[in-house]
Amino acid sequence: MYRSHNNGELRIEQVGKTVKLTGWVQKIRDKGFMIWVDLRDRYGLTQLVFDQERSSAKVMEIAEKIGREFVIQVEGKVIERESKNPKMPTGDIEILVKEIDVLNQSKNPPFTIEDATDGGEELRMKYRYLDLRRNPVKEKLILRHKVTMAVRNYLSQQDFVEIETPYLIKSTPEGARDFVVPSRMNEGQFYALPQSPQTFKQLLMVGGLDKYFQIVKCFRDEDLRADRQPEFTQIDCEMAFVEQEDVLNYFEGLTRHLLKEIKNVEVGEFPRITYDEAMRLYGNDKPDIRFGMQFGELNAVTQHKDFKIFNEAELVVGIAIPGGADYSRKEIDKLINWVKRPQVGAQGMVYAKYNTDGSFKTSVDKFYDEEDFKKWAEKTNAKRGDLICILSGDINKTRAQLSALRMEMAERLNLRHPEEFAPLWVVDFPLLEWDEETKRYHAMHHPFTAPKVGQMAKMATDPGSVKANAYDLVLNGNEIGGGSIRIHNKKIQAQMFEYLGFTEEEAQKQFGFLMNAFEYGAPPHGGIAFGLDRLVAILGGQESIRDFIAFPKNNAGRDVMIDAPAAIDEQQLKDLNLQLRE
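Residues numbered from 1 in each chain as written. Predicted model: local features only at pLDDT ≥ 70, side-chain atom pairs only at ≥ 80, totals over all residues. Heavy atoms only, no water.

The name recorded for the protein in an unreviewed UniProt entry is Aspartate--tRNA ligase, from Haloflavibacter putidus. Its UniProt record gives the protein the following Function (unreviewed entry) comment, quoted word for word: "Catalyzes the attachment of L-aspartate to tRNA(Asp) in a two-step reaction: L-aspartate is first activated by ATP to form Asp-AMP and then transferred to the acceptor end of tRNA(Asp)." The annotation that UniProt attaches to the protein under Subcellular location (unreviewed entry) is "Cytoplasm". (UniProt positions renumbered as here; feature names shortened; annotations may be inferred.)

Engineer: What exactly am I supposed to notice about the pattern of salt bridges here?
Structural biologist: For side chains of opposite charge, pairing can occur when their charged atoms come near one another. One pass over the full model with this rule turns up 40 salt bridges. The partner of glutamate 80 in a salt bridge is lysine 84, and the shortest N-O contact between them spans 2.6 Å. Judged by its relative accessible area of 41%, lysine 84 is partly exposed. In this structure, aspartate 365 engages lysine 361 in a salt bridge whose closest nitrogen and oxygen atoms are separated by 3.4 Å. Through salt bridges with shared partners, a single network forms among Arg124, Arg128, Asp131, Arg134 and Asp547. (Salt bridge = Lys/Arg side-chain N within 4 Å of Asp/Glu carboxyl O. Buried < 20%, exposed > 50% of the residue type's maximum accessible area, 1.4 Å probe, protein only.)

Engineer: How should I be thinking about the UniProt feature "binding site: ATP" (unreviewed entry) in the protein in this particular structure?
Structural biologist: Per the UniProt record, "binding site: ATP" (unreviewed entry) is annotated on Arg220, Asp221, Glu222, Gln229, Glu479, Gly531, Leu532, Asp533 and Arg534. Among residues more than four places away in sequence, those in contact with aspartate 221 are Arg177, Asp178 and Phe179. Relative to the elements of secondary structure, leucine 532 occurs in helix H15 (residues 532-539). Owing to a relative accessible area of 1%, leucine 532 belongs among the buried residues under this scheme. Setting aside its immediate chain neighbours within four residues, leucine 532 contacts Arg144, Val147, Thr148, Ile215, Thr233, Gln234 and Ile235. (Contact = heavy atoms within 4.5 Å. Helix = DSSP H or I, 4+ residues; strand = E, 2+ residues; numbered from the N terminus.)

Engineer: I keep staring at the nonpolar core and nothing clicks. Help me out?
Structural biologist: Most often, soluble globular proteins keep nonpolar side chains buried together rather than apart. Val147, Leu155, Phe251, Trp425 and Phe530 are the most contacted members of the largest nonpolar core, which totals 41 residues. When residues in this core are grouped by element, the largest group, seven residues, is from helix H6 (residues 244-263). Excluding residues that lie within four positions of it along the chain, phenylalanine 530 makes contacts with Thr233, Gln234, Ile235, Phe251, Leu254, Thr255, Leu473, Ile480, Gly481 and Leu535. Residues Ala468, Met496, Phe511 and Met515 belong to the second largest nonpolar core, which totals 31 residues. (Core = buried A, V, L, I, M, F, W, Y, C linked by side-chain atoms within 4.5 Å.)

Engineer: So what exactly am I meant to see when it comes to the pairing of strand E9 (residues 211-219) here?
Structural biologist: Every regular strand shows the same layout, with side chains that alternate between the two sheet faces. In terms of burial, E9 is a largely internal element, eight of the nine residues being buried. By the bridge criterion, two bridges tie strand E6 (residues 161-162) to E9 in an arrangement that is parallel. In the sheet register, glutamate 162 faces E9, and the bridge partner there is phenylalanine 213. Across nine bridges, E9 lies against strand E10 (residues 231-240) in antiparallel orientation. By the bridge assignment for E10, phenylalanine 219 is matched with glutamate 231. (Pairing = 2+ DSSP bridges.)

Engineer: Is there a simple way to explain H6 in this structure?
Structural biologist: The periodicity of an α-helix, 3.6 residues per turn, causes residues three or four positions apart to be oriented the same way. Its 20 residues give H6 an end-to-end C-alpha distance of 28 Å, which sits within 8% of 28 Å, the value for a rise of 1.5 Å per residue. Regarding H6, the residues found buried are Gln244, Val247, Leu248, Phe251, Glu252, Gly253, Leu254, Thr255, Leu258, Leu259 and Ile262. Looking one or two places after H6, you find asparagine 264, whose phi comes out positive at around 55 degrees. (Expected span 1.5 Å × (residues − 1).)

Engineer: Got a minute to help me understand the sheet that holds strand E13 (residues 315-321) in this structure?
Structural biologist: Each strand in a sheet pairs with its neighbour through backbone hydrogen bonds, running either in the same direction (parallel) or in the opposite one (antiparallel). The strand order E12-E13-E16-E14-E15 describes an open sheet built from five strands, whose pairing is antiparallel. In the strand order of this sheet, the two ends are held by strand E12 (296-297) and strand E15 (360-362), each with one partner. As paired elements, E13 and strand E16 (residues 387-393) share seven bridges and run antiparallel to each other. Note that in E16 the partner of isoleucine 319 across the bridge is cysteine 389. Contacting strand E14 (350-354) and E16, helix H10 (residues 329-339) runs over the sheet at an angle of about 30 degrees to E16. (Axes fitted to C-alpha atoms, helices over the stretch in contact; angles between N-to-C directions.)

Engineer: What exactly am I supposed to notice about the domain arrangement of the protein here?
Structural biologist: Where interface size is quoted, it is often the accessible area lost as the parts come together. Here the domain parsing of the protein yields domain 1 (12-104), domain 2 (138-163 + 194-270 + 422-540) and domain 3 (291-413). Computed from C-alpha atoms alone, the centre-to-centre distance between domain 2 and domain 3 is 37 Å. (Domains from an automatic or database assignment.)

Structure follows, in structure tokens:
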């Protein structure tokens with residue numbers, strides 16, 4: 001037996017007991033006649049003491065030679081500390097070491113393995129196995145475990161069955177780029193790694209397994225961000241004989257369960273807004289509703305004077321910044337420069353200070369009067385002391401620009417509290433979106449999403465207006481889940497492929513297996529997929545997912561620890577009937 005206790009469990013009640021402990025040496029304090037060592041394992045820290053008067057010469061000799069991150073085993077007696085540490089759970093006791101064994105030595109680590117480390121991100125990713133020893137990283141992975149167990153328990157209690165689907169599948173042209181895997185036994189042919197188990201979970205519904213879930217790896221070969229990895233994990237779910245309301249109720253229940261189980265937070269019924277409302281009020285389809293600053297559309301109260309910029313704009317829209325009337329001209333100029341950055345792309349910004357005395361000071365005083373400004377304040381819900389910021393131009397671009405400003409100001413004003421949770425459903429998405437590059441419509445979610453009842457007839461005449469039977473779950477300004485009611489009729493699915501530009505032959509080649517299955521009694525069905533990495537990060541009070549993944553990739557999609565991706569040797573290429581370009 002290597003240990004009788006872990007390093008986080010001994011208390012004052014165990015004084016006098018002989019114990020065995022193992023772990024890594026975190027700190028050493030050597031006073032010559034006495035040495036103190038902090039011994040760390042997954043569970044915590046325990047202080048060891050080596051004393052010339054009470055420890056043997058052999059034990060003292062070994063203790064003098066150990067270094068940071070050595071793996072050691074000790075045996076000794078639990079004694080009460082003279083100088084107690086109330087910040088440590090084990091701070092009332094220490095171990096007077098009688099025996100010590102060095103299980104493995106360690107090189108000097110490249111960064112400090114403590115909560116506040118001196119290691120940069122790239123260095124810590126290269127030595128990720130060392131970074132995992134740090135409490136902040138370890139606790140994130142334990143949180144992930146708790147979330148996945150809570151999900152499994154909840155869904156199992158609701159009669160969902162966890163079923164694995166294949167990782168080696170067929171490449172499809174819709175969505176992001178696939179990662180492809182050459183087949184050695186089928187020359188010139190390739191598998192693809194799944195972007196999601198979408199068609200397989202629909203086939204499970206055809207197969208009569210009416211409540212499915214899977215915590216599953218998915219793969220997308222696309223550009224990366226802080227909240228995106230080339231491989232990621234979904235909580236993937238599907239149900240048969242359901243309508244949209246059923247799906248929303250089940251998974252609102254799951255989300256409430258997670259918030260209560262993991263964060264001890266209780267939330268009421270989730271608000272719901274349509275996609276069109278989300279765009280009009282917040283400028284994006286995943287609004288953070290922990291704070292206000294809703295958009296106020298100002299066309300009607302700005303386009304009646306000789307201000308050309310507003311008069312020629314498709315949209316004039318503003319928000320009220322709480323307390324912003326106190327900003328100096330220099331501070332406002334910095335805001336204007338911020339929205340003019342290439343990342344935001346605005347041409348400029350009009351502002352109006354709503355002073356505490358009820359007066360207004362604006363950048364367009366010569367074009368408008370006090371009555372106009374009062375209407376601006378009314379439209380943007382501005383109060384005395386606020387700053388009204390107004391952008392104008394093309395509808396979609398202007399909304400995106402003002403949304404970026406809204407989120408930036410919320411960060412600056414500390415309005416996005418990580419321990420506050422504000423979920424909502426966004427429903428009634430467009431079924432299709434226009435792609436300027438290809439000059440055709442693409443499915444906004446995927447080609448298996450059903451249109452809202454009665455809207456299929458508009459596909460031939462006004463496809464852009466058709467609404468999807470689709471929904472997203474948003475938490476604190478992040479999409480954590482998305483899904484839809486699916487098409488389950490072969491004829492309608494064939495029509496959808498046709499509207500999306502597939503020839504009959506292409507549709508049959510890519511998705512014939514699904515179309516054929518629909519001829520054998522496919523039930524109405526729908527589902528949702530949660531992004532587990534993002535969900536866990538938000539529950540952990542952060543938006544970057546990287547530290548909630550045991551071995552993440554960097555922004556270039558590389559694993560710098562194992563140096564992947566990497567070249568393969570010529571024999572492997574030959575076996576796969578591949579050759580590198582000259």
